[in-house]
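# Working through the structure, step by step
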Amino acid sequence: MNIGDASSRQGVARLRGDLFSRGGERQGSADRRLGIALCAGCHYHCAVTRREFLRAAIASSLYLAARRTFPASLVARPDVGIAVGADYEKAVTKAIELVGGITAFVKPGDTVVVKPNIGWNSPPELKATTDPLVVRAIVHLCFQALASKVYVFDRSVANSRLTYVTSGIQKAAEEAGAKVFHVDEITDTMYKRISMPDARYLKETLVNRYVLESDVFINVPIAKNHGEAGLTLAMKNLMGITGDQRGKWHWQLDDAIADINRAVRSKLVLIDASSIMLRNGPTGGSMSYLKRLDTFICASNVVSADVEAARLFGRSPEDLPYIMEGAKAGLGKASGYSVQRSSV
Amino acid sequence: MRKRILVLLKQLRVISQAVFLAAVVYTFIRSLDPFSVVQNPFLRFDPLIFLTNPRSDLFLIASIAGLIALTLVLGRFFCGWVCPMGTLMELSDFIFSFPRKANPAAIHASPKSFLVRFPPALVVLGAVVVSVFTTTSLLPFFHPNVWIVRILSRSVLGLVFLGLVFLSSFFGQRLWCVYICPLGALYGVLSRVSFLRLGIERCSRCGACERCPMQAADFRTRETLAHQCILCFQFERSCPVEGFQYGPVARAGKSTLRASRRAHGSFDPSRREFLVRGAGLLGGAMIGGVVASIGVLSKPGAAKLDRLLFSPGSTVSETTLFRPPGVVDEASFLRRCIRCLHCVQSCPNGIIEATGLEAGFASLFAPHLHFDKNGCDYRCQACQLVCPNQAIPLQTLAQKQLTPIGLAFIEQKKCVVYRDKKPCSVCQEVCPTPEKALVFAKEERMMRSSGPFMLRYPSVVTERCIGCGICQAACPAEQVAITVSRKAQWDSRAGSGRRASMRRATRMLIS
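Sequence order sets the numbering: in each chain, residues are counted from 1 along the sequence as written. Here the convention is simple: chains get letters from A, ligands get numbers from 1, in the order in which they are written. Per-residue local features are limited, in this predicted model, to residues with pLDDT of at least 70; the limit for side-chain atom pairs, both in listing and counting, is 80 or more; totals at the level of whole chains, interfaces and linings are taken over all residues.

## Comments concerning the overall build of chain B
- A count of helices and strands for chain B gives 26 helices and 10 strands.
- Neighbour density around each residue's C-beta defines its exposure: 20 or more other C-beta atoms within 10 Å make it buried, 12 or fewer make it exposed, and counts between make it partly exposed, where C-beta atoms are placed from the backbone. When the 511 residues of chain B are sorted by exposure, 46% land in the buried category.
- If you take every contact in chain B between residues at least 6 apart in sequence, the share linking residues at least 24 apart comes to 75%. Put simply, DSSP H or I for four residues or longer makes a helix, DSSP E for two residues or longer makes a strand, and each gets a number counted from the N terminus. Throughout, a residue-residue contact means that the two C-beta atoms, derived from backbone geometry, are no farther apart than 7 Å.

Quick look at the structure:
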């Protein structure tokens with residue numbers, strides 16, 4: 001059996017596939033399967049020569065170094081990944097994989113804040129809060145990427161003693177190993193006052209310290225209708241990390257939302273559009289307001305994610321001033337970004 | 001009775017007390033959880049409290065009947081073996097009280113006090129039993145286990161009471177139980193005819209039994225006062241001649257009767273005792289009636305008395321207080337509420353508080369809602385679940401979500417949208433009804449320095465509003481522009497046929 005160059009190339013491909021792509025859709029799965037088959041053959045019929053080993057080692061370390069230095073240049077990733085699937089955990093994992101996989105965002109030892117929407121005392125089926133399965137999937141992924149700590153919280157509009165339980169998020173996140181706590185008391189240990197002199201509205205605001213001090217901030221909103229803002233998506237979800245009186249923000253809501261997003265960048269955004277609430281949001285309260293889409297939108301910036309989510313409602317970003325404000329502020333592209341879709 | 005058995009009985013009793021005390025503490029802690037479905041059993045399975053809200057709950061009736069039947073067999077065991085207040089009194093006595101020593105000089109001098117034979121508790125019982133049928137029930141102020149809840153919730157009232165309990169221990173043991181407690185008096189009356197009694201068979205007149213915490217054992221007449229004896233088995237073992245006997249009334253009573261005949265010659269005191277006791281109950285009932293009338297008359301006047309007495313099912317009441325969700329009938333609410341304030345403790349939003357004297361004696365300590373910080377959560381039923389007497393009726397969630405507490409209205413001169421033309425739709429946003437009770441009456445496209453915006457004018461849809469107060473609590477204006485009121489509710493009811501019919505439907509569902 002010829003075990004020359006071809007086999008070692010496949011060996012590298014296999015390494016790449018297993019170590020870096022986590023599922024490796026973009027590597028070409030047929031190629032990968034072949035590699036594994038050939039290599040399995042190697043183990044049974046022949047020994048790896050020294051030359052072969054060295055070649056493989058050098059090639060893989062070069063690849064690794066290149067990946068570290070120019071992550072985007074080697075693999076063209078879409079800006080937005082959209083996964084559709086009735087199995088939420090699979091679909092969430094897929095959506096994150098499309099934009100590079102959780103390992104592109106969470107490094108071993110990182111502390112992660114996952115911020116779902118737990119705003120209302122509403123059960124999961126009414127979709128006024130992020131689905132607990134989505135939160136659990138993300139916490140699982142973070143721990144798979146060897147995050148040291150994962151925190152899950154939201155400053156609920158209703159009483160968080162009720163919302164955390166009714167939404168099912170506390171149980172789901174704690175089962176997955178995350179630390180869930182209440183952030184309703186506005187204290188110096190929980191919130192830090194930050195100032196933004198160039199802000200349009202929020203010159204000064206209180207921001208949750210856990211968010212500021214974490215390595216990775218993952219923004220996990222649910223897509224739904226909203227009275228004043230039009231829609232509440234990823235950018236609006238950041239209302240839950242502030243310690244301010246949010247009522248007054250509504251007097252200049254679009255600017256306030258853009259400002260808080262400039263203060264805190266979401267490293268990873270995953271919008272739960274499993275069932276979108278078309279009217280009477282953000283509280284909802286009836287299944288008849290929902291439209292089932294089983295869709296999950298993942299992006300590394302809030303603006304592109306929100307634009308894609310708004311399209312699900314048939315709204316263009318021009319309808320939602322805060323998205324345009326965010327794009328102007330350089331938070332992400334409101335148009336001209338790449339999208340990859342997948343269904344699982 | 002043998003010393004060994006007496007010691008065993010005492011140990012059993014202490015275990016029983018510990019278990020029930022733990023139970024009341026546990027139910028109290030559980031009641032702080034808004035999702036808990038545990039109700040205080042000492043307030044639920046209680047014959048006096050049942051009087052305030054008799055209902056055809058078979059389990060409840062069977063339990064209370066069982067409690068009474070057990071008392072008719074065993075005697076007043078509840079106070080010594082179960083009642084947490086009794087346990088508290090005993091603990092307090094243990095710490096602060098000095099047990100009476102047998103004082104040979106005093107033995108012949110002091111016969112049993114009249115107040116022990118015919119305790120004022122009988123008057124209290126009479127007053128309570130009469131007043132529970134009015135809106136100014138005296139029961140909340142005299143029920144021992146309501147006080148236990150107040151103590152556990154560390155309310156000022158409860159702590160003052162606890163202080164009084166401690167203070168009372170300096171003057172004697174179980175003073176509350178002997179002289180005041182109407183529940184004890186009820187069980188005491190029942191145990192006058194109980195099957196088993198504690199009697200004195202032999203006596204050396206040593207006076208050791210003077211240590212009886214209930215002052216029930218009287219060696220002079222060689223009898224125990226059945227209505228005071230709580231079967232504590234605390235001191236009986238120190239009887240040098242093992243003279244105490246707990247058994248069927250024929251055995252235990254014979255010697256007692258003999259003893260009393262010997263003490264009083266041929267005079268049989270039982271008839272006079274019966275008369276005095278009856279007079280006590282009757283007098284109490286009259287006092288109760290007078291107090292109840294004074295309470296009713298104190299604030300709202302004769303018109304209200306008329307309404308409360310002659311149309312108690314009426315939903316019309318001019319109270320401006322917001323009652324906890326599900327309460328539609330003010331009169332029966334006030335009658336049923338035993339002011340244990342479990343609802344105040346359980347409300348996760350902290351919007352329930354006890355009423356002071358500002359709304360008259362009838363509403364004293366009854367819960368009402370205030371919407372300064374928060375509103376009544378649309379899906380929360382904590383107060384309904386915790387109420388041991390269903391004064392706050394336990395509804396289905398759907399019923400609760402249809403039962404109005406009040407009605408919201410917007411003061412346009414305070415609202416930033418109407419007054420300052422600023423965009424603000426916080427009230428609409430937080431409104432929890434599925435079809436929002438707050439809608440935008442009109443929309444206007446406006447311009448300002450930061451760009452164009454939509455100005456949406458909020459407006460209340462009377463038929464949908466349930467007066468939960470969430471909008472009032474959330475309103476960001478300097479002076480709250482949207483407020484919930486009872487008066488608006490009554491006014492709108494007069495004009496709105498649909499609302500009245502909805503209310504009727506709700507009432508049918510509840511009753």
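## Digging into the overall build of chain A
- The secondary structure content of chain A amounts to 14 helices and 12 strands.
- Taking all 344 residues of chain A together, the buried fraction comes to 51%.
- Restricting the contact set of chain A to residue pairs at least 6 apart, pairs at least 24 apart contribute 73%.

## Some words on the interface of chain A and chain B
- Across the boundary between the two partners, chain A contributes 25 residues, which contact 27 residues of chain B.
- Those elements that place two or more of their residues in the side of chain A that touches chain B are α7 (160-166) and α11 (246-249) of chain A.
- Ranked by the residues each element gives to the side of chain A that touches chain B, the list is headed by α7(A), at four residues.
- Residue type decides the class: Asp, Glu, Lys and Arg count as charged, Ala, Val, Leu, Ile, Met, Phe, Trp, Tyr, Cys and Pro as nonpolar, and the leftover types, Gly among them, as polar. Per-class residue counts for the side of chain A that touches chain B are seven nonpolar, 13 polar and five charged.

## A closer look at the domain arrangement of chain B
All names here are of chain B.
- The domain architecture assigned to chain B consists of domain 1 (3-275), domain 2 (303-397) and domain 3 (402-511).
- Between domain 2 and domain 3, the contact holds 17 residues from the first and 16 residues from the second.
- Across the side of domain 2 that touches domain 3, the residue classes tally to eight nonpolar, seven polar and two charged. What marks off one domain from the next here is an automatic or database domain assignment.

## A look at the pairing of strand β7 (residues 407-410) of chain B
Residue and element names in this part refer to chain B.
- Neither face of β7 is exposed, since Leu407 and Phe409 on one face and Ala408 and Ile410 on the opposite face are all buried.
- Each pair of strands is called paired provided DSSP finds at least two bridges between the two strands. Where β7 and strand β10 (residues 482-485) come together, four bridges link them in antiparallel fashion. For Ile410, the partnering residue across the bridge sits in β10 and is Ile482.

## Observations regarding the nonpolar core
- Here a nonpolar core is just a set of buried residues of the types Ala, Val, Leu, Ile, Met, Phe, Trp, Tyr and Cys, joined wherever their C-beta atoms sit within 7 Å. Ala95(A), Val114(A), Ile138(A), Val152(A), Leu270(A) and Ile297(A) are the most contacted members of the largest nonpolar core, which has 219 residues in total.
- The element that contributes the greatest number of residues to this core is helix α9 (residues 121-131) of chain B, accounting for nine residues.
- The contacts of Ile297(A), once residues within four sequence positions are left out, are Val80(A), Ile82(A), Ala95(A), Ile271(A), Ala273(A), Ala305(A), Glu308(A) and Ala309(A).

## Some remarks on the environment of Asn389(B)
Residue and element names in this part refer to chain B.
- Along the chain, the position of Asn389 falls in the loop between α20 (382-386) and α21 (397-400).
- According to the C-beta neighbour criterion, Asn389 is buried, with 21 such atoms within 10 Å.
- Taking C-alpha positions, Asn389 is 9.4 Å from Asn40, a pair spaced 349 residues apart along the chain.
- Contacts of Asn389, omitting those with residues within four sequence positions, involve Leu43, Ile49, Thr52, Asn53, Arg336 and Ile338.

## Let's talk about the packing of helix α6 (residues 132-144) of chain A against helix α8 (residues 169-176) of chain A
Residues and elements named next belong to chain A.
- Axis definition: a line fitted to C-alpha atoms, limited for helices to the stretch in contact. Angles are taken between N-to-C directions and run from 0 to 180 degrees. Interaxial distance between α6 and α8 falls to 8 Å at its minimum, and their mutual angle equals 20°. Accordingly, the angle class assigned to the pair α6 and α8 is roughly parallel. As for how α6 packs across α8, the hand of that crossing is right-handed. Listed contacts from α8 to Pro132, Leu133, Val135, Arg136, Val139 and His140 of α6 are Ile169, Ala172, Ala173, Glu175 and Ala176. Small angles under 35 degrees read as roughly parallel and large ones over 145 as roughly antiparallel, with 65 to 115 read as roughly perpendicular and the rest as oblique. Each crossing is labelled by how the near helix is turned from the far one, with a counterclockwise turn of less than a right angle marking it left-handed and a clockwise turn marking it right-handed.

## Some details on the confidence of the model for chain A
- Each residue carries a pLDDT score, the predictor's confidence in it, ranging from 0 to 100. Chain-level statistics for chain A give a pLDDT mean of 85 and a share of 83% at 70 or above.
- Confidence drops under pLDDT 50 across residues 1-44 of chain A; counting only partners more than four residues distant or on other chains, this segment forms 50 contacts.

## Quick word on unusual backbone geometry
- Note that the residue after Gly281(A), namely Pro282(A), is joined by a cis bond; omega there is 0°.
- In this structure, Leu341(B) takes a positive phi of about 65° despite not being glycine.
- With respect to the helices and strands, the residue Leu341(B) is situated in the loop between α18 (330-336) and α19 (342-346).

## Describing the environment of Ser16(B)
Residue and element names in this part refer to chain B.
- Locating Ser16 in the fold gives a position in helix α1 (residues 3-31).
- Judged by local crowding, Ser16 falls into the partly exposed class, with 15 C-beta atoms found within 10 Å.
- Sequence-distant contacts of Ser16, defined by excluding residues within four places in its chain, comprise Trp81 and Val82.

## Observations concerning helix α6 (residues 84-96) of chain B
All names here are of chain B.
- The span you would expect from a helix comes to 1.5 Å times its residue count less one. The terminal C-alpha atoms of α6 lie 18 Å apart, and with 13 residues this matches the ideal 18 Å at 1.5 Å per residue to within 8%.
- Restricting attention to buried positions, one finds in α6 the residues Pro84, Met85, Gly86, Thr87, Leu88, Met89, Glu90, Ser92 and Asp93.
- Buried residues in α6 make contact with α1, α2 (41-44), α5 (77-81), α11 (144-152), α12 (156-169) and α13 (175-180).

## Some thoughts on α11(B)
All names here are of chain B.
- When you tally the buried positions in α11, you get nine out of nine residues, the bulk of the element.
- Of all the residues in α11, the buried ones are Pro144, Asn145, Val146, Trp147, Ile148, Val149, Arg150, Ile151 and Leu152.
- In the stretch just after α11, Arg154 is the one whose phi turns positive, near 55°.

## Here's the deal with the confidence of the model for chain B
Residue and element names in this part refer to chain B.
- Mean pLDDT over chain B: 82, with 81% of residues reaching 70 or higher.
- The low-confidence segment residues 105-109 (pLDDT under 50) makes one contact with residues lying over four places distant or belonging to another chain.
- pLDDT under 50 marks residues 505-511. Its contacts with residues more than four places away, or in other chains, come to 11 contacts.

## Thoughts on the environment of Thr221(B)
- Looking at the secondary structure, you find Thr221(B) in the loop between β2 (217-218) and β3 (223-224).
- Separated by 21 residues in the primary sequence, Thr221(B) and Ile200(B) place their C-alpha atoms 9.4 Å from one another.

## A few points about the packing of helix α13 (residues 302-312) of chain A against helix α14 (residues 321-328) of chain A
Residue and element names in this part refer to chain A.
- Packing of α13 against α14 leaves a shortest axis separation of 9 Å and a crossing angle of 150°. With respect to each other, α13 and α14 are oriented roughly antiparallel. Handedness of the α13/α14 crossing: left-handed. Contact residues: α13 offers Val302, Val303, Asp306, Val307 and Ala310, while α14 offers Ile323, Gly326 and Ala327.
- When its residues are assigned to classes, the contact of α13 with α14 shows six nonpolar, one polar and one charged.

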